[in-house]
Amino acid sequence: MLRNFFVVAAVLFLLSVAVAQPKAPSDALQVYFIDVEGGQATLFVTPQHESLLIDTGWPTESAKRIVDVAHKAGLSRIDYVLITHYHEDHVGGVGELVKMIPVGTFIDHGENRETPTPARDPLIKTYKTILADKQYKHLVLKPGDSLPIKGMESVVVSGDGNVIAKPLAGGGQKNAACEGSQKYPADQTENGRSLGVLFTFGSLRILDLGDLTSDRELALMCPVNNLGRVDIYIVSHHGWKESGSPALLRGISPRIAIMDNGAKKGGSPSAWDVIHSTSSVEDLWQLHYSEEGGASHNSPGPLIANLQGRDAGNYLELIASPDGGFDVYNSRTQRTKHYRAREQ
C-alpha cells in the first residue's frame, strides 16, 4: 500500500512540473541548496546580484561544490559568508573556500562556546586566522539585528543561545501547539547557539535556523509565536530528531520544507513525521535519500536531489518571485515544480 502511494505521488508530481530549468527573471531571488553530504551550504543571490552563503560544509569537497554552484549563478565573488555555528559540517570548508573565490564579509554569532574537539579545533583556528586578515570584514550579529545584504530583508532571530525578545511583524499569536508540548533538555553545544535568520523577499518568507535545537525553538515559539507563518522552511539540523519540534512546525506553518541532509546524516524518521503531519506542508524536498528513513520515511524520488548510490553532488534551486510565488528546480531530474503565491 505504501509503495503504491509513492508511485502515485511520483506520477502526480511529474504531471505538475516543467521539463527544463527556468531562466530566473531579473527580479527573482535565487537560493541554491548545495549538496555537501549532510552539512550546510545555502547560497542566496538577490536581484541586485548580491550574494550570501550560509555555512561552508565540510573540510573536504564542500568548497569546490560551493564554488561550482556560485559560478553557475554567475558569481565571481561571494559578498557575505554567514557561519551559523562552529561545527565541522558548517565551518569546515571555509579555509578552502577563500582560496578558491573572493569573499567580502564574514558574519557569525561571536566566540565559540563549546570545548573544541581534536577534529574541530584546527577548523576554528583557521577561521580565526581568516578573520584576522584585514582584507575581510567581520560582523558579529545578535537577535534583532539585520544583515546588510541588498535585495531582501533579513532579521536575526537566534544567536549565541539567545532569541528575539519581541514578536516580528506577522507574529505575536498564541501558539496552540505549545500546549502539552514535550520538554527538551537544554542543549550545551554550539547547535543551540546557531545564528538563525528569517528572510523576507516581497511577500515570501524563508526561515533558516541552522542547527538550532528544540529547547531553543520553544523559546522562540512558546507560548507566543514570535515568527508568524513562513513559506519556505530550511529544515533545522539536517532533519535530525534533536530539532524541528511540533511547536515550531505548527507555528510557522510552512508551505514547503527543504532538507539539507546526507545519505547517512539527517533525515530522522521522527523529524520526517513531524514535517509530514504539519497540515500546511505541500512538499518536503531532500538533498539526499536518507538511509535512516528507509522506504517509509523518504519523499518521492522527484523531490530528492541525490538518490541511493554514488553521490553525484546534485543541488536544489529555489527561484522566488516578489509576489510570493516560487519554483523549485532539481538538478538531478532537470525538472521544476511551480508553487503559486500563497493566498492571504
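Here the structure is shown first, and the text comes after it.
Procedures and definitions
- Residues numbered from 1 in each chain as written.
- Predicted model: local features only at pLDDT ≥ 70, side-chain atom pairs only at ≥ 80, totals over all residues.
- Heavy atoms only, no water.
- Buried < 20%, exposed > 50% of the residue type's maximum accessible area, 1.4 Å probe, protein only.
- Helix = DSSP H or I, 4+ residues; strand = E, 2+ residues; numbered from the N terminus.
- Arc of directions from axis to C-beta.
- Disulfide = S-S within 2.5 Å.
- Polar contact = N/O pair within 3.5 Å; in protein donor to acceptor, adjacent residues only side chain to side chain.
- Pairing = 2+ DSSP bridges.
- Salt bridge = Lys/Arg side-chain N within 4 Å of Asp/Glu carboxyl O.
- Phe/Tyr/Trp six-rings, centres within 6.5 Å; stacked < 30°, edge-to-face > 60°.
- Lys NZ or Arg CZ within 6 Å of the ring centre and 35° of its normal.
- Core = buried A, V, L, I, M, F, W, Y, C linked by side-chain atoms within 4.5 Å.

Caption draft 1: Layout of helix α2 (residues 62–72). Among the residues of α2, S62, A63, I66, V67, V69 and A70 are the ones counted as buried. Relative to the axis of α2, the buried residues are bounded by an arc of 165° and lie together on one face. Taken from the residues just after α2, G74 is the one with a positive phi, measuring 85°.

Caption draft 2: Region of interest: the state of the cysteines. This structure, assessed with the given rule, holds 1 disulfide. Between the sulfur atoms of C178 and its disulfide partner C222 the distance amounts to 2.0 Å. Handedness of the C178-C222 disulfide follows from its S-S torsion of about -90°: it is left-handed. One end of the pair, C178, is in the loop between β10 (173–174) and β11 (196–201); the other, C222, is in the loop between α6 (214–221) and β13 (224–225), with 44 residues separating them in the sequence. Judged by its relative accessible area of 23%, C222 is partly exposed.

Caption draft 3: A look at the environment of S277. If you trace the backbone, S277 turns up in the loop between α8 (269–276) and β16 (283–288). In this structure, the C-alpha to C-alpha distance between S277 and A186, residues 91 residues apart in sequence, is 25 Å. Within the structure, S277 has its side chain in polar contact with the backbone oxygen of V274 (distance 3.0 Å).

Caption draft 4: Representation of the sheet that holds strand β12 (residues 204–208) in the model. With mixed pairing, 8 strands are arranged side by side in an open sheet as β9-β8-β11-β12-β14-β15-β16-β17. Looking at the sheet topology across the chains shown, the edges are occupied by β9 (162–163) and β17 (304–306). Pairing between strand β8 (residues 153–159) and β9: 2 bridges, direction antiparallel. Looking across to β9, one finds that G159 is bridged to N162.

Caption draft 5: Region of the structure containing the pattern of salt bridges. Applying the stated criterion across every chain, the model contains 18 salt bridges. Between E37 and R65 there is a salt bridge, with the nearest N and O atoms lying 3.6 Å from each other. Here the residue E37 occupies a position in the loop between β2 (29–33) and β3 (42–45), and R65 occupies one in helix α2, the gap between them amounting to 28 residues. Note that K64 is salt-bridged to D68, the shortest N-O span being 3.0 Å. Of the two residues, K64 and D68 both sit in helix α2, 4 residues apart, roughly one turn of that helix. Residue D68 is classed as partly exposed on the basis of its relative accessible area, which comes to 35%.

Caption draft 6: Region of interest: the packing of aromatic side chains. If you walk through the whole model with that rule in mind, you get 7 aromatic pairs. These aromatic residues form a ring-pair network of at least three members: Y86, F106, Y127 and Y136. Its guanidinium or amino end placed over the ring of W240, K265 lies 4.9 Å from that ring's centre, counting from NZ or CZ.

Caption draft 7: View of the nonpolar core. Counting 34 residues, the largest nonpolar core has F44, L52, L147, F199, I206 and F326 as its most contacted members. By size, the runner-up hydrophobic cluster in this structure holds 31 residues, among which are I66, V81, F106 and Y329.

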